[in-house]
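Topology and contacts: notes
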Amino acid sequence: MFSLIYGFYKHMVQKDEYCVLILGLDNAGKTTYLEAAKTKLTNNYNSIHPSKITTTVGLNIGKVDVAGIRLNFWDLGGQNELQSLWDKYYEESHAIIYIIDSSDRERMDESKEIFDKMIASENLRGIPLLVLANKQDIPECMGVREVKPIFNKNSHLIGKRDCMVMPVSALTGDGVDEGIRWLVDCIKRNSYLRPPRNQEEM
Ligand code: G3D
C-alpha cells in the first residue's frame, strides 16, 4: 500500500528533466545569462550582483523549473582550451543556447567559427538551438538583423532543427524569459527524439 501511494505521489510531483548547454566564447555573457535566467524564473531567487560574476571557467550549473519541466543548465567555459570539452556534453543535451557578444565585432568571426564547428556535430543533430545576440543594452552593438545573416550562412549545418536568433541583454534581463519559453516549447516537441534524461523527485 505504501509503495502504491508513494508511486502515485512520485508521479504527481516528478518533473521531466532536460539539459540545456550554454555555449559561446569567453566574455560573451554566459554566466551573466545563467544568473538572469535563474532570477527571472525562480521565485525568491537571491541573485548575484553582476559585479560579483566572473567569467565561466570550467562549468557552472543551474536548475530552473518552467512550464512543468525542469531545465538543468550547463554553462561551459568558452576559452580555447575548454572548447574541446564541449562535445563531451553534446550527447546528453536537449537544447543549446549559443551566446554572442554583439558588441564585440572583432571576435564575431571567431564566434562564428566555433558555432559552425559545434552545429556540425553529429551528436547535436536535430537539437533545438537558441542563438542569443547578447549585450543589446550597449548602444553600438550589432542588432539581430546584422547578426542573423552571419550565423545563418551555413544553414545546411543548422538543418531541420528548431533555430531562432533573438536579441537579449543578460545584464538587464531583457529577452531572457522569452527565449527560454520558446526553447521549452521546442524541447517538449523534440522529446520524441531526445526524451527527458531521468525522472527524479522534486
Ligand atoms: P562568460 O561567462 O561568457 O565568460 P560573463 O561572460 O557572464 O562573465 O560576462 C563577461 C562580461 O560581460 C562581464 O563584464 C559582464 O558583466 C558583461 N556582460 C554580460 N552580459 C552583458 C549584457 O547583456 N550587457 C552588458 N553591457 N554587459 C554584459 P565584466 O566587466 O565583469 O568583465
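Residues numbered from 1 in each chain as written. Predicted model: local features only at pLDDT ≥ 70, side-chain atom pairs only at ≥ 80, totals over all residues. Heavy atoms only, no water.

Observations concerning the packing of aromatic side chains
Rules: Two rings from Phe, Tyr or Trp (for Trp, the six-membered ring) form a pair when their centres are within 6.5 Å of each other. A pair whose planes differ by under 30 degrees is stacked, one over 60 is edge-to-face, and the rest are tilted. Numbering of helices and strands runs from the N terminus; a helix is a DSSP stretch of H or I covering at least four residues, while a strand is a stretch of E covering at least two. Any residue under 20% of the maximum accessible area for its type is buried, any over 50% is exposed, and the rest in between are partly exposed; the area is computed with a 1.4 Å probe on protein chains only.
Counted according to the given criterion, the structure contains four aromatic pairs. Centre to centre, the rings of Tyr 98 and Phe 151 are 6.2 Å apart; their planes meet at 45 degrees, and the pair counts as tilted. Taken together, the positions of Tyr 98 in strand 4 (residues 95–101) and Phe 151 in helix 6 (residues 144–151) put the pair 53 residues apart, joining distant regions of the chain. With a relative accessible area of 1%, Phe 151 lands in the buried category. Ring plane angle 80 degrees and centroid distance 5.1 Å describe the contact between Phe 115 and Phe 151, whose orientation is recorded as edge-to-face. With a gap of 36 residues between them, Phe 115 in helix 5 (residues 108–119) and Phe 151 in helix 6 connect regions that are remote in the sequence. Residues Phe 115 and Phe 151 agree in their burial class; the two are buried. A network of ring pairs unites the aromatic residues Tyr 98, Phe 115 and Phe 151 as a single cluster.

A look at unusual backbone geometry
Even without a glycine there, the phi angle at Asn 27 is positive, about 75 degrees. Within the secondary structure layout, Asn 27 lies in the loop between strand 1 (16–23) and helix 2 (30–41). The phi dihedral of Lys 135 is positive, around 70 degrees, even though this residue is not glycine. Relative to the assigned elements, Lys 135 resides in the loop between strand 5 (129–134) and helix 6. On the basis of relative accessible area, Lys 135 is assigned to the buried category, the value being 18%.

A look at helix 5
Filter applied, for reference: A helix is expected to span 1.5 Å multiplied by its residue count minus one.
Over its twelve residues, helix 5 extends 16 Å from the first C-alpha to the last, a length consistent with the 16 Å expected when each residue adds 1.5 Å. Those residues of helix 5 not exposed but buried are Met 108, Ser 111, Lys 112, Ile 114, Phe 115, Asp 116, Met 118 and Ile 119.

Some details on the UniProt feature "binding site: Mg(2+)" (unreviewed entry) in the chain
As a reminder, the rule being used: UniProt positions are given in the numbering used here, feature names are shortened, and annotations may be inferred rather than shown by experiment.
Following the UniProt record, one finds the feature "binding site: Mg(2+)" (unreviewed entry) at Thr 31 and Thr 56. Counting through the fold element by element, Thr 31 comes out in helix 2.

Describing the pairing of strand 4
Using the following cut-off: One bridge is not enough; two strands pair if DSSP finds at least two bridges between them. Handedness of a crossover is defined as follows: orient the strands so they point away from the viewer, and if the path from the first strand over the helix to the second runs clockwise, the crossover is right-handed.
Here strand 4 lies mainly inside the structure; seven of its seven residues are buried. Burial along strand 4 is two-sided: Ala 95, Ile 97, Ile 99 and Asp 101 facing one way and Ile 96, Tyr 98 and Ile 100 facing the other are all buried. In this sheet, strand 4 lies alongside strand 1 in parallel orientation, the contact comprising four bridges. Among the inter-strand pairings, Leu 21 is bridged to a residue of strand 4, identified as Ile 96. After leaving strand 4, the chain enters helix 5 and then returns to the sheet as strand 5, a path that is right-handed.

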